[in-house]
Amino acid sequence: MQHTTIAIRRWWYIMPIAFITYSLAYLDRANFGFAAAAGMAKDLSITPAMSSLLGALFFLGYFFFQIPGAVYAERRSAKTLVFWSLILWGGCAALTGIVTNANWLIVIRFTLGVVEAAVMPAMLIYLSHWFTRAERSRANTFLILGNPVTVLWMSVLSGYLVQAFDWRVMFIAEGVPAIIWAVFWWLLVKEKPADAAWLTAEEKKGLEAVFAAEQSGLKQVKNYREAFRSRKVILLCAQYFCWSIGVYGFVLWLPSILKAGSDVGMVEAGWLSSVPYLLATVAMLGVSYLSDKTGNRRAFVWPCLLIGAVAFIGSYMVGSSNFWLSFGLLVIAGGAMYAPYGPFFAIIPEMLPKNVAGGAMALINSMGALGSFVGSYAVGYLNGVTGSPSASYALMAAALLVSVVLTIAVKPEGEKSFAAVPHHA
């Protein structure tokens with residue numbers, strides 16, 4: 001009973017803060033697609049090939065600084081790291097709105113990726129300090145919901161901002177909130193339960209006992225080198241690389257695909273772009289709940305990715321002859337690709353001990369960033385060269401099918417083992 005009380009208080013205090021923080025991080029990487037569809041390329045004399053590179057440069061910066069950020073968050077302070085990241089990424093995002101040439105845009109996009117690199121692993125590490133194994137898929141999902149929920153309302157807001165003003169105002173208006181939120185983050189966040197004044201000494205002790213019991217059941221890993229050479233970590237890196245090709249090719253170029261495939265304006269494209277993320281929000285909540293309830297992770301990852309691949313294949317086969325059928329399949333693909341994020345990121349801390357889990361999550365996430373770079377660049381390039389999104393659909397479908405195979409190949413020790421871990425203080 002006491003543990004239930006603690007759980008409720010943690011959910012209501014911590015998750016809104018985590019959700020808002022990650023939402024603001026995701027805002028700055030998703031609105032680039034709207035600027036690209038709203039005339040930024042023409043205003044800055046950007047060629048289609050350079051536009052694809054600019055869209056992808058964020059993920060290159062994101063790739064290089066994942067692991068150093070995660071190591072700092074685990075060994076020093078996730079709170080401090082995220083605080084400075086909020087200020088710097090808000091500033092870079094706002095500066096995007098005042099650039100006068102493509103060269104400055106290249107610098108800003110890469111820098112934005114660098115300062116946001118550590119946010120995802122740092123937030124996952126932060127949540128692992130507060131939520132138990134049986135809660136972790138849902139906790140991760142509420143964090144990552146900041147992704148589709150942000151794109152949902154950002155798609156609508158960006159469409160209106162671009163139509164009422166221009167893409168410059170959109171970047172500035174959507175960058176400043178991160179700087180403001182940094183103050184709230186610093187005042188509200190406590191690093192670990194031991195630091196929280198709103199928990200009693202008995203409650204803190206109870207949580208520490210649960211976390212200690214979870215760690216005792218894991219095979220010890222001496223250092224990062226040993227963890228990074230693990231077959232499971234390598235498979236998950238490759239899996240997330242392929243998965244991210246599909247996700248970020250989709251996210252970054254959906255507004256342009258919709259606008260090119262129909263005669264809708266930017267506001268209408270914004271509303272249409274939001275629909276897949278509405279489905280994604282519902283699917284993520286359902287999948288994470290079932291994953292935590294059953295204690296199984298993989299069984300709620302690969303089937304969703306398979307559905308996404310089949311939907312992309314359907315969109316490829318339909319082609320441009322039936323816009324609304326193709327759009328409906330894209331909605332299914334988007335929802336299915338997002339659904340398994342919570343269970344996926346619960347796999348790592350359940351198969352590796354605390355001393356290396358954060359670094360492994362960062363390595364896997366960095367490979368996802370590399371996949372995002374490849375996906376966003378390749379989709380933009382294929383759309384520009386072929387004049388149609390069909391080839392892009394085939395690429396994203398193939399990448400998701402490979403990720404399905406790689407997911408099945410991983411067998412975490414943590415699956416179906418929750419009963420071995422005490423959940424009551």
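Computed from a predicted model, the values in this text were never measured in an experiment. Position numbers for residues start from 1 in each chain and track the written sequence from start to end. For this predicted model, a pLDDT threshold of at least 70 governs which residues receive local features, and a threshold of 80 or more governs which side-chain atom pairs are given and counted, while totals over whole chains, interfaces and linings are taken from all residues. To obtain the side-chain values, all non-hydrogen atoms of the structure were included, while hydrogens and water were left out.

Trainee: Mind showing me how you'd approach the overall build of the protein here?
Mentor: For the purposes of this entry, the term helix denotes a DSSP run of H or I that reaches at least four residues, the term strand denotes a run of E that reaches at least two, and both are numbered from the N terminus. Per the secondary structure count, the protein includes 19 helices and 0 strands. Only protein chains enter the area calculation, which uses a 1.4 Å probe; residues under 20% of their type maximum are buried, those over 50% are exposed, and those in between are partly exposed. Burial status across the protein gives 61% buried among its 425 residues. The contact definition used throughout considers only heavy atoms, calling two residues in contact when any of these lie within 4.5 Å. At a minimum sequence separation of 6, the contacts of the protein that also span at least 24 residues come to 85%. As displayed, the protein has an accessible area near 16100 Å², and 70% of this comes from carbon and sulfur atoms. The accessible surface values rely on the Shrake-Rupley method and a 1.4 Å probe; as for residues, cover is taken only from the protein chains in view.

Trainee: Sorry if this is basic, but what is going on with the pattern of salt bridges here?
Mentor: Pairs can form between side chains of opposite charge whenever their charged atoms are close. By salt bridge we mean one thing: a side-chain nitrogen of Lys or Arg within 4 Å of a carboxyl oxygen of Asp or Glu. This model, assessed by the stated rule, comprises 5 salt bridges. With a shortest N-O distance of 2.7 Å, Glu-350 and Arg-297 are connected by a salt bridge. Of this pair, Glu-350 sits in helix α17 (residues 341-351) while Arg-297 sits in the loop between α14 (266-294) and α15 (302-318); the two residues are 53 residues apart in sequence, bridging distant segments of the chain. A single network of salt bridges, built from pairs that share partners, joins Arg-138, Asp-292, Arg-297 and Glu-350.

Trainee: Just to check I follow, could you spell out the packing of aromatic side chains for this structure?
Mentor: Aromatic ring pairs are described here by two measures, namely the spacing of the ring centres and the angle between the planes. The pairing test for Phe, Tyr and Trp rings, Trp by its six-membered ring, is centres within 6.5 Å, and the orientation test on the planes gives stacked under 30 degrees, edge-to-face over 60, and tilted for anything in between. Under the counting rule described, the total for this entry stands at 20 aromatic pairs. Measuring from centroid to centroid gives 5.1 Å for Phe-83 and Trp-186, while their planes differ by 50°, and the two rings are tilted. One end of the pair, Phe-83, is in helix α5 (residues 66-96); the other, Trp-186, is in helix α10 (residues 167-188), with 103 residues separating them in the sequence. Plain terms: the ring middles of Tyr-240 and Phe-344 are 5.1 Å apart, the flat faces sit at 20° to each other, and that makes the pair stacked. Taken together, the residues Tyr-240 in helix α13 (residues 231-261) and Phe-344 in helix α17 connect sequence positions 104 residues apart. Each member of the pair, Tyr-240 as well as Phe-344, is classed as buried. Site record: aromatic cluster; members linked through ring pairs are Tyr-240, Trp-243, Tyr-277, Tyr-338, Tyr-341, Phe-344 and Phe-345. Throughout this description, the term charge over a ring refers to an Arg CZ or Lys NZ atom that lies within 6 Å of the ring centre and within 35 degrees of the ring normal. Note that Lys-79 overlies the ring of Trp-186, its terminal NZ or CZ placed 4.5 Å from the centroid.

Trainee: What exactly am I supposed to notice about the side chain of Asp-292 here?
Mentor: With respect to the secondary-structure elements, Asp-292 resides in helix α14. Judged by relative accessible area, Asp-292 falls into the buried class, the value being 6%. At 3.3 Å, the side chain of Asp-292 forms a polar contact with the backbone nitrogen of Ser-137. Any pair of nitrogen or oxygen atoms within 3.5 Å is treated as a polar contact; in protein, a donor-acceptor pairing is required on top of that, and neighbouring residues in sequence qualify only through side-chain atoms on both sides.

Trainee: What should I look at first to understand the confidence of the model for the protein in this one?
Mentor: In low-pLDDT regions, the fine details of the predicted coordinates are not to be read closely. For every residue, the predictor assigns a confidence score, pLDDT, that lies between 0 and 100. Summarising the model, the protein shows a mean pLDDT of 81, and 87% of its residues fall at 70 or more. Every residue in residues 416-425 scores below 50 in pLDDT, and together they form 23 contacts with partners more than four places removed in sequence or on other chains.

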